[in-house]
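# An overview of the molecular structure
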Amino acid sequence: ELTKEEKQRLRKEKKQQKKNKEKKDEKASRESDKEKKSAAPASQPPTQHTAQKAVPASAPVPLPASEAPVPADKPAKSKAELKAERRARQEAERASKQGKKGEVGQQAATGKAKAPPSELQPVVKRLPEHIQVDNPDVLKKLAKKLERQQVCIYVYYGYKVSLFSHLHQYSRKAPLTQQLSIPSTVIHPAIVRLGLQYSQGIVAGSNARSVALLHAFKQVIRDYTTPPKEELSRDLVNKLKPYISFLNQCRPLSASMGNAIKYIKKEISNIPSQCKEEEAKRKLLNCIECYINEKIVLAAKAIAKYSIEKISDGDVILVYGCSSLVNHILCEAFEKGRKFRVIVVDSRPRLEGREALRRLVQRGISCTYVLISAVSYILPEVSKVFLGAHALLANGYVMSRVGTSQIALVAKAFNVPVLVCCETYKFCERVQTDSFVSNELDDPDDLIVTRKGKTQLEDWQKVDSLGLLNLVYDVTPPDFVDLVITDLGMIPCTSVPVVLRVKNVDQ
Amino acid sequence: FTGAVHGFLLSPIEAFLSDLKRGGSGTGPLRGSAETARETTALLRRITAQARWSSAGDLMEIIRKEGRRMITAQPSETTVGNMIRRVLKIIREEYARSRGKSEETDQQESLHKLLTSGGLSEDNFRQHFAALKANVIEAINELLTELEGTTDNVAMQALEHIHSNEVIMTIGRSRTVEAFLKDAARKRKFHVIVAECAPFCQGHEMATSLSEAGIETTVIADAAIFAVMSRVNKVIIGTQTVLANGGLRAVNGTHTLALAAKHHSTPLIVCAPMFKLSPQFPNEEDTFHKFVSPHEVLPFTEGEILSKVNVHCPVFDYVPPELITLFISNIGGHAPSYIYRLMSELYHPEDHEL
């Protein structure tokens, strides 16, 4: 291991030297590093190349700073002197690394740096830019980056509630695609269509969005040709970056989409350079197919198998909103012959429960439908609550559609068991304790309703002190959840970081 | 000889009854509870003045009979029943005063009285007193003045409970809470979050009205109540009825709000004037809940699936007294455990069942 470390350090030294010679390029690369990290918060820098850059940028920060002025002052240093300097630095770093190793444990918990898991770098976590809207520097950097990638920036809409001034707020009436030129030269049309579908809510739901994303990427790969003198593995990743920024601007990426993108980037960068283009493309398409099949389709089957053990005859099951996974489970259980009835709880303004209601009624399941304000009336009849999840966070909190935490709270008060169904590819390394720090603000005009010919909130924009808040997600504390059913089995909420670690080691 | 109601008294009573029946479609009261209370009391005063009766017992019979009709017209509007019981109590008191007995001895039964007096304590209010009518009408007038001032009395206490830079949460629309918050906004700056309370969305009206008074208001969907609760300092709500055990019968969604407040240890304050206090208990399952047309929840445009699903649209929620921190009424602030005592001062136990 020591020798491996030495080699790494040597490589680092060489790179640092290169940087020190071109001072400007170093600064630019650090900036682009930050922006790369903020653009794809859940995805790690794909190649060893950028990982190496990241490590010196974060950990031994004083060293490059001290190096930078020296060559500028004395450009005529002899080669021997430089070599001696290098060796001295190596020794110093080896000593410091040894000291650090003694202190730090063997954890792979820091998600950002891709250094080998035994070394714990003091990583400066780059916050995703979509939760730093109130910071003008971040906004400027984002604007510069988007300009470079030729993606138009989104103007937010309407008066924002002060509690959520750090988040973007979108309006459905002004999608990002209106600002694009036709034909779009930078963004692939399949991605443009996907972005529009996301922003208008045509494709909604965690699984649906990920699958749509992967299909769009398959189309992109099919239409891709490697330009001359470029390697497919590096160029394709660079091509994907503006697409991801664009999709992020249309609607912030979900945790499942983030994980899928990470996987694709890894697969692309692992393509050996001597591979022919056709074969490489075929391989990638195959990888994506396998991913969808394994992580989504087969996972759903496994989860259904586990859940059916938990559904008994005569059960009254409560579900909230429209979760493709929970609907699948209920349909499977019904086909297997279990006798139960379902209560579908819905909430304004999205009213997704009606879609779930339609699907269940079509299969012949007897259903009841209520709004979320009536949940404490209907809960004494309920025997189990099944909830879907958007993501499972590393501290055991369940991030899901807004209202889920409320249902779990009332169910707990009535002593009704709450089961959450979630595939493992939605597990996320973020931690969060409340629904404020990272959320999505949907179009506030959705809350407006016309009853008996009167629309009370029609002119809400004109009134200064009136604000509408349309949240999309909320987090449920783990003490409200009794069981999480995943494709790996049935685990308690607190075992999520264990699963994440096992997955990381496997990869 | 029992008293009788004249013909010319019948039409205002009938008008009132049909008003009650119409107003209860659940889409939000056509008039607030305070108005209903005032109208009931005014009607009772009229009955007292114009009906033919010779003794207190007759009058009480008439009022009970008309009262029963009013209550059956709209069972969920409990203020009607409360006012009737108040007036009956007034009649008893005036009668006792006319007989010369001090008020305390004719109070409700105590264990001591049961043992020492032996048998029913008294007359059935059959004695005739000439001044009784005038006294009763005067007392009812006092009651009416009290009713007129309730909202102001509650709102006057606002500054004691709201400090500046607070975030206050409320649900639906309550005129008492609106007056309460507007009164506090004259001196303090704070932020109000209103849960819209689907499907009737009365929260929207509340928000518009509060923002016109210059209060920073935010409207949220019902589903976001728990999500934003961590940032809320106080929850102030109104209610339809205060039950005898200190619990509430409030608009649906209030129980969830109360549970969320309990989870975050946020105080829950109920602004309820005294005429909302009712001697009912929540155990009567079939009389507690009221349902309205399910097309508010699943409109008829949904078509084919309508015939295959059950849809419920309850109007009220039960909130147990353990979740409530404080009641603010026109006579001051009380803990939920004190409500039973207030009730015994307002109503006579024999009137609990009309």
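Residues numbered from 1 in each chain as written. Chains lettered and ligands numbered in written order. Predicted model: local features only at pLDDT ≥ 70, side-chain atom pairs only at ≥ 80, totals over all residues. Heavy atoms only, no water.

Right, let's get into the nonpolar core. Nonpolar side chains in soluble globular proteins generally cluster together in the buried interior. Leu318(A) and Met169(B) are the most contacted members of the largest nonpolar core, which has 86 residues in total. Counting 39 residues, the second largest nonpolar core, distinct from the first, contains Ala304(A), Leu357(A), Val297(B) and Leu298(B). (Core = buried A, V, L, I, M, F, W, Y, C linked by side-chain atoms within 4.5 Å. Buried < 20%, exposed > 50% of the residue type's maximum accessible area, 1.4 Å probe, protein only.)

The subject of this paragraph is the packing of aromatic side chains. Considering all chains together, one arrives at six aromatic pairs over all chains under this definition. Arranged with centres 6.3 Å apart and planes meeting at 85 degrees, the rings of Phe334(A) and Phe340(A) form a pair that is edge-to-face. Look at Phe334(A) and you get partly exposed, because its relative accessible area is 29%. Relative accessible area serves as the criterion here: at 7%, Phe340(A) is assigned to the buried category. Ring pairing ties together the aromatic residues Tyr263(A), Tyr291(A) and Tyr425(A), which thus form one cluster. Cation over ring: Lys305(A) sits above Tyr306(A), and NZ or CZ is 5.3 Å from the ring centre. Here the guanidinium or amino end of Arg249(B) rests over the ring plane of Phe316(B), the centre of that ring lying 5.1 Å away. (Phe/Tyr/Trp six-rings, centres within 6.5 Å; stacked < 30°, edge-to-face > 60°. Lys NZ or Arg CZ within 6 Å of the ring centre and 35° of its normal.)

Moving on, we come to the pairing of strand E3 (residues 367-371) of chain A. E3(A) sits mainly inside the fold: five of its five residues count as buried. Of the two faces of E3(A), both are covered, the one formed by Cys367(A), Tyr369(A) and Leu371(A) as well as the one formed by Thr368(A) and Val370(A). The handedness of the strand E2 (residues 340-346) of chain A to E3(A) crossover, carried by helix H14 (residues 353-363) of chain A, is right-handed. In terms of strand pairing, E3(A) meets strand E8 (residues 309-311) of chain B through three bridges, oriented parallel. Note that in E8(B) the partner of Thr368(A) across the bridge is Asn310(B). (Helix = DSSP H or I, 4+ residues; strand = E, 2+ residues; numbered from the N terminus. Right-handed = clockwise from strand over helix to strand, strands pointing away. Pairing = 2+ DSSP bridges.)

Another aspect to go through is the packing of helix H1 (residues 7-23) of chain B against helix H2 (residues 33-50) of chain B. Residues and elements named next belong to chain B. Look at H1 against H2: their axes get within 11 Å of each other, and the N-to-C directions meet at 165 degrees. Considering the angle they form, H1 stands roughly antiparallel to H2. With respect to the hand of their crossing, H1 and H2 are arranged in left-handed fashion. From H1, Phe-8, Leu-9, Pro-12, Ile-13, Phe-16 and Leu-20 reach across to H2, where they touch Thr-36, Glu-39, Thr-40, Leu-43, Arg-46, Ile-47 and Gln-50. Classifying every residue of the contact of H1 with H2 by side-chain character gives eight nonpolar, three polar and two charged. (Axes fitted to C-alpha atoms, helices over the stretch in contact; angles between N-to-C directions. Parallel < 35°, antiparallel > 145°, perpendicular 65-115°, else oblique. Left-handed = near helix turned anticlockwise from the far one by under 90°. Contact = heavy atoms within 4.5 Å. Nonpolar A, V, L, I, M, F, W, Y, C, P; charged D, E, K, R; others polar.)

With that settled, the discussion passes to the domain arrangement of chain B. All names here are of chain B. The assigned domain composition of chain B is domain 1 (2-101 + 128-147) and domain 2 (151-349). For domain 1 versus domain 2, the separation of C-alpha centres amounts to 28 Å. Facing the 24 residues of domain 1 at the interface are 22 residues of domain 2. Summed over both sides, the interface between domain 1 and domain 2 buries roughly 1,800 Å², with carbon and sulfur atoms accounting for 53% of that surface. For the interface between domain 1 and domain 2, the tally reads zero salt bridges. Our enumeration of links across domain 1 and domain 2 arrives at seven residue pairs in polar contact (both at pLDDT 80 or more). Those elements giving two or more residues to the side of domain 1 that touches domain 2 turn out to be H2, helix H4 (78-99) and helix H6 (132-156). (Domains from an automatic or database assignment. Buried area = accessible area lost by both parts, 1.4 Å probe. Salt bridge = Lys/Arg side-chain N within 4 Å of Asp/Glu carboxyl O. Polar contact = N/O pair within 3.5 Å; in protein donor to acceptor, adjacent residues only side chain to side chain.)

With that out of the way, let us pick up the sheet that holds strand E6 (residues 248-251) of chain B. Residue and element names in this part refer to chain B. The three strands lie next to each other as E5-E6-E9, forming an open sheet whose pairing is antiparallel. Strand pairing shows two members of the sheet lacking a second neighbour, strand E5 (241-242) and strand E9 (316-319), which therefore form its edges. Bridge analysis of E6 against E9 gives four bridges, and the strand direction is antiparallel. Bridge assignment links Ala-250 to a residue of E9, and that residue is Asp-317.

Attention now moves to the side chain of Asp317(B). Looking at the element boundaries, Asp317(B) is found in strand E9. For the buried Asp317(B), which has no salt bridge, the nearest side chain bearing the opposite charge is Arg249(B), at an N-O separation of 11 Å. In terms of polar contacts, Asp317(B) uses its side chain to reach the backbone amide nitrogen of Thr254(B), at 3.3 Å. Once residues within four sequence positions are removed from consideration, Asp317(B) is found in contact with Ser373(A), Ser376(A), Tyr377(A), Leu248(B), Arg249(B), Ala250(B), Val251(B), Asn252(B), Gly253(B), Thr254(B), His255(B) and Phe288(B). (Lys, Arg positive; Asp, Glu negative; His and termini not counted.)

Before going further, it helps to spend a moment on a positive patch on the surface. A contiguous patch of positive charge, built from Lys21(A), Lys79(A), Lys83(A) and Arg87(A), is present on the exposed surface. Relative to the helices and strands, Lys79(A) is located in helix H6 (residues 79-103). (Patch = residues over 30% accessible without salt bridge, like charges linked within 9 Å, V, L, I, M, F, W, Y side chains within 5 Å. Areas by Shrake-Rupley, 256 points an atom, 1.4 Å probe, with all protein chains shown as cover. Charge placed at Lys NZ, Arg CZ, Asp CG, Glu CD.)

Once that is clear, we can look at the side chain of Arg86(B). Residue and element names in this part refer to chain B. Turning to its location among the elements, Arg-86 is positioned in helix H4. With relative accessibility at 10%, the residue Arg-86 sits in the buried group. Setting aside residues up to four positions removed in sequence, Arg-86 forms contacts with Leu-143, Glu-146, Leu-346 and Tyr-347.

Once that is clear, we can look at the interface of chain B and chain A. Opposite the 52 residues of chain B that make contact, chain A presents 51 residues. Across the chain B to chain A interface the summed buried area is about 4,400 Å²; carbon plus sulfur atoms make up 64%. Here chain B is connected to chain A by 21 residue pairs in polar contact (both at pLDDT 80 or more). Listed by contribution, the elements that provide at least two residues to the side of chain B that touches chain A are strand E2 (191-195), helix H9 (202-212), strand E3 (216-220), helix H10 (225-229), helix H11 (254-263) and E8 of chain B. Among the residues forming the side of chain B that touches chain A, the class breakdown is 26 nonpolar, 17 polar and nine charged.

All names here are of chain A. When cut into domains, chain A gives domain 1 (182-310) and domain 2 (312-435 + 471-506). For domain 1 versus domain 2, the distance between C-alpha centres works out to 27 Å. Opposite the 24 residues of domain 1 that make contact, domain 2 presents 34 residues. Taken together, the two surfaces of domain 1 and domain 2 that pack against each other cover about 2,200 Å², and 62% of this comes from carbon and sulfur. Of all residues in domain 1, the largest losses of buried area upon contact with domain 2 belong to Ile-303, Ile-308 and Lys-310, amounting jointly to 30% of the total for that side. Residue assignment for the side of domain 1 that touches domain 2 shows that the elements contributing at least two residues are helix H9 (206-222), helix H11 (255-269) and helix H12 (277-310). Element by element, the count of residues in the side of domain 1 that touches domain 2 is highest for H12, at 14 residues.

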